[in-house]
Each structure stands twice: as C-alpha cells, then as structure tokens.
Amino acid sequence: MTVEFICVGTEILLGNIVNTNAAYLAEKCAGLGLSCYFQTAVGDNEERLTMVLRTAMERSDIVILSGGLGPTEDDLTKEVAAKVCGKKLVLHEPSKKAIKRYFEEKGIEPTDNNWKQAMLPEDCIVLDNHNGTAPGVIMETKESKVILLPGPPGELCPMFEESVEPYLMGLTSQVICSQTVKICGVGESRVETMMKDLIDAQTNPTIATYAKTGEVHIRVTAAAEDKKAAMKLIKPVVKELKNRFGNDIYSTEQDVTLEKAVVDLLQANDLTVTCVESCTGGLLSARLINVPGVSEIYKSGVITYSNKAKRRFVGVKKTTLQKYGAVSGQTAEEMAKGAALLTKADVSVAVTGIAGPDGGTEEKPVGLVYIACNVKGKVTVKKFRFSGNRSKVRESAVSAALALMRGCILEYFSKVTFGKKNQNR
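These remarks concern the structure in this document. Quick caveat: nothing in here was measured; it's all calculated off a predicted structure.

**Some details on the overall build of the chain**
Stage number 1. In terms of helices and strands, the chain carries 15 helices and 17 strands.
Stage number 2. Taking all 425 residues of the chain together, the buried fraction comes to 48%.
Stage number 3. A separation threshold of at least 6 residues defines the contact pool for the chain, and within that pool the share at least 24 residues apart is 68%.
Stage number 4. As displayed, the chain offers around 21,500 Å² of accessible surface, 50% of which is attributable to carbon and sulfur atoms.

**Brief notes about the environment of Phe-245**
Stage number 1. With respect to the element layout, Phe-245 can be found in helix 9 (residues 227-245).
Stage number 2. The class for Phe-245 is buried, based on a relative accessible area of 4%.
Stage number 3. Residues Phe-245 and Glu-334, spaced 89 residues apart in sequence, show a C-alpha to C-alpha distance of 32 Å.
Stage number 4. In this structure Phe-245 touches Ile-183, Val-191, Met-194, Met-195 and Ile-218, once residues within four positions along its chain are discounted.

**Here we look at the nonpolar core**
Stage number 1. Core analysis: the largest hydrophobic core is formed by 40 residues, its most contacted members being Leu-266, Val-347, Ile-371 and Met-405.
Stage number 2. Elements supplying a minimum of two residues to this core: helix 10 (258-268), strand 13 (273-277), helix 11 (283-289), strand 15 (347-353), strand 16 (368-375) and helix 15 (390-423).
Stage number 3. For this core, the element with the most residues is helix 15, which contributes eleven residues.
Stage number 4. Apart from the residues lying within four places of it in its own chain, the contact partners of Val-347 are Leu-266, Leu-271, Thr-272, Val-273, Thr-274, Cys-373, Asn-374, Val-375, Met-405 and Ile-409.
Stage number 5. Core analysis: the second largest hydrophobic core is formed by 22 residues, Val-42, Val-52, Cys-85 and Val-137 among them.

**A look at the sheet that holds strand 12 (residues 249-251)**
Stage number 1. Read from one edge to the other, the open sheet built from four strands follows the order 10-11-9-12, with strand pairing classed as antiparallel. Strands at the two margins of the open sheet, each flanked by one partner only, are strand 10 (206-212) and strand 12. Ignoring which end each strand starts from, the neighbouring axes of this sheet average 30° apart.
Stage number 2. In the sheet, strand 10 pairs with strand 11 (residues 215-224) via seven bridges, with the strands oriented antiparallel.

**A look at unusual backbone geometry**
The phi torsion of most residues other than glycine is negative, and most of the peptide bonds are trans.
Stage number 1. In this structure, Pro-205 follows Asn-204 across a cis peptide bond, with omega equal to 15°.
Stage number 2. Locating Pro-205 in the fold gives a position in the loop between helix 8 (196-200) and strand 10.
Stage number 3. For Asp-270, which is not a glycine, the phi torsion comes out positive at approximately 55°.
Stage number 4. Turning to its location among the elements, Asp-270 is positioned in the loop between helix 10 and strand 13.
Stage number 5. A residue is classified by how much of its surface remains accessible, and Asp-270, at 68% relative accessible area, is exposed.

**Things to note about the packing of helix 2 (residues 20-31) against helix 6 (residues 153-169)**
Stage number 1. One can describe the packing of helix 2 onto helix 6 by two numbers: an axis separation of 11 Å at closest approach and a directional angle of 25°. The angle between helix 2 and helix 6 places the two elements in the roughly parallel class. For the pair helix 2 and helix 6, the sense of crossing is right-handed. Counted together, Thr-20, Asn-21, Tyr-24, Leu-25, Lys-28 and Cys-29 of helix 2 and Pro-153, Leu-156, Cys-157, Phe-160, Glu-161, Glu-165 and Leu-168 of helix 6 form the full contact between these two elements.
Stage number 2. Grouping the amino acids of the contact of helix 2 with helix 6 by side-chain chemistry returns eight nonpolar, two polar and three charged.

**A short note on the packing of aromatic side chains**
Stage number 1. Evaluation of the coordinates by the stated rule reveals four aromatic pairs.
Stage number 2. Here the aromatic rings of Phe-384 and Phe-386 are separated by 5.4 Å at their centres, their planes lie at 10°, and the arrangement is stacked.
Stage number 3. Among the residues examined, Phe-384 registers a relative accessible area of 16% and is labelled buried.
Stage number 4. Looking at Phe-386, the relative accessible area reads 16%, which means it is buried.
Stage number 5. Aromatic pair Tyr-412 and Phe-413: ring centres 5.1 Å apart, planes at 85°, arrangement edge-to-face.
Stage number 6. You can call Tyr-412 partly exposed: its relative accessible area is 23%.
Stage number 7. Here Arg-59 stacks its cationic end above the ring of Phe-38, 3.6 Å away from the centre of that ring.
Stage number 8. Lying over the aromatic face of Trp-115, Lys-96 brings its terminal NZ or CZ to 5.5 Å of the ring centre.

Cut-offs and rules
- Residues numbered from 1 in each chain as written.
- Predicted model: local features only at pLDDT ≥ 70, side-chain atom pairs only at ≥ 80, totals over all residues.
- Heavy atoms only, no water.
- Helix = DSSP H or I, 4+ residues; strand = E, 2+ residues; numbered from the N terminus.
- Buried < 20%, exposed > 50% of the residue type's maximum accessible area, 1.4 Å probe, protein only.
- Contact = heavy atoms within 4.5 Å.
- Areas by Shrake-Rupley, 256 points an atom, 1.4 Å probe, with all protein chains shown as cover.
- Core = buried A, V, L, I, M, F, W, Y, C linked by side-chain atoms within 4.5 Å.
- Pairing = 2+ DSSP bridges.
- Axes fitted to C-alpha atoms, helices over the stretch in contact; angles between N-to-C directions.
- Parallel < 35°, antiparallel > 145°, perpendicular 65-115°, else oblique.
- Left-handed = near helix turned anticlockwise from the far one by under 90°.
- Nonpolar A, V, L, I, M, F, W, Y, C, P; charged D, E, K, R; others polar.
- Phe/Tyr/Trp six-rings, centres within 6.5 Å; stacked < 30°, edge-to-face > 60°.
- Lys NZ or Arg CZ within 6 Å of the ring centre and 35° of its normal.

Rendered as structure tokens:
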C-alpha cells in the first residue's frame, strides 16, 4: 500500500518552524511497510490545499494530513478535506464534551471558535486527542483513506501511536515487524559497502539504512502472517549484520540511544566518568545526563573554553599550549588526564576543536576536533574533521566522543580479559 503526507501550514513554507511531522510520519509508516513516494507542504489556502489533496487521493491509498485543525479561520484542513471527500460537517457531541472538559481542567473559559473543533465530517472515525483540543479524523472513500492529524508534534505523535498505527495495521492481513540495528563509529558509505550484497538480494525482509549524526541505523523489516513468523525472517539478517559489524553495533533495541548504551556500559563495568569540554561547551555532559540513572556513574563536567581554564582546572601545561595550541592531540590528552586526576574518575573524555564559523586557519581549519578518552590511565586520542555549521560540528563532535568512549571501554576490557586468560594457562 502507498501512503502520502500533506503537511499544512504557511509557517512551514516561510521557514518559521521545522517540519518534523513529515520525518516522524515517514519513519513510522516505513516501519509499517507502507511505501511513500510523495510528501507535500502547503499553506493555509483553500484552493491550493484542495488541489494537493485531490492529486494525493488519485495516486495514493492512504493520505495523511497534519496541521490546520485549530479553532481559527485560517485552519482549513478539516473543512477542505470534508468537501473533497463529499462529507458534511456535523456536531460531534463527545468531542464537544472533551473540549469543554479540557478547558475546565485548565481553568480557562473557551471562546466560541473553540467549538469549531467539534464539527467533524459525518460518518468519520474520530480519533481522541488526549493532549489537546483538536480531534483527529479518518475518512474512508473509494479512492483512499484520508487521515487528519493535529499539527503540534506533542499531539500528533501520541495520536498516531495510539489510534492511527493500529488502524493502518488493520488494513492488511499481514503483520509487519521491524528491528533496528544501530551502528556508531562507521560512516554511511562504508556501512552500505559492507552490506551491499544483502541490499541487492533483499526481498522479504527488506533492509534500509538511515544516516544520523555520527551514527547509521539499519532497519530490517519483514511481512508475514503473524509477529512470530515475521521475527523469524528478521532474525538471520540481524545475525549476519552482527557478524559483519561486530562491536560497532551498540544496540538492536529501538529505544536505546548511543548515550544510553554508553551509560549502560559504564554501569555494567562499575566505571565512573567525567567530561572536560572546550568547543562542545557541555553538550557531551548534557547527552549523558539525559539518561535516567546516570547519577550512579557521572562524576562531573568541566568546561574549559579558554586556555587559562585549561591550565587552571585540568592542568594543561603552558608549554603544551604554546607549542601545539589549544586544538591539538597533545592538549586533548592532557585535558583527559587532568580531568581524571581532578575527579578520580575511571573514564574521562576531553573535546577540543574549532567549531567556527571563525577561528580556522589553513593548518587548523574549521571543523577540526581532537577527542581524547582516558580509561584507567590508557589514553586514546583521535583527530576528526567535521563539516557543516557551528551547531553541526559540535553535535558531530559529541556523537564521536560517545562512540570513542564506548570503543575505548570495550577495548580496555577485552585486553584485560585476554590477559587474565593468558595468566590462567
């Protein structure tokens, strides 16, 4: 089955907001095995929205619209969609009661235009909104299924997962399951090269790669008569990916982030950690602290943005800064060693670089970053050259630091285990 997305809102076209809804819906529908060939953003204009919707219904089995379900005059999605589908708008009493209850709980008096949101297409499937006032709508026509969702992601995402996902799964007799293999420290082009034969030979399951900042995710999706049969098809493919990528795979669980994988690894090995950051300015610590339970292993974070701070707080030598500069492998190494000494942490990670847009030279261009990881006295330093704007360089540096930390911990314990085995011989 094919699915198409129409994201409604003039603010999207003006660039006032980032259209995260399209990315979310695309990923969710891909996981359900639906094929998406078209996505459209259209402003709050009746004529253009009508044209876009009619075109979408002619070529796609399912059309999902987001946005334009609010109470104001320029919220036209529901009215246009109902007209295109040949439906009248009628008062839906349960939705009116839900809207009234929503405002009562907040102690706000609703205005007359709020009741517009309770006017819904006749004979439609109503999707309850537990996070706002605009109900969702499903209209089934001969041409296609038309699904209307509210624009705010905080309302759209839970509504999709609670109501739309089960509905879409019920449209087919097959069950579609997927599993994601998450890789860090390896670029997308290399990942694709290493599994090109699997991609070329794919039928069921299908294999798709998704590039993230500092990561690559491989989604394996299978269709079968039930979940057990689908997972049976997926299992050997995931096993083969594990054989090929080994320790570069940090998780095969959908909800596990790279920072959670690192925190889990630290906790499993009773290791404490501290971060000392220059160009990332605390972003690395923030990623780690986002993980629940991190307080068990996280000691401290130090931002040493200036040379004076590098010397004062983590003991970088003045001669090192003069000879090699703040952005150098030597400085990164001394930052990591100094942080470990300062906090008595088992693991310390240091990041120093040039995020830009200024400050680069021919010898040390913008995007140059050095990252050092100290695991119980064993220090590894890596040089990176990231592209993009200031924000992208900093985000890339954080992801690289997490990947390096994970790799260094795994390497340290593999050598310790190997040494113990030799001693026991």
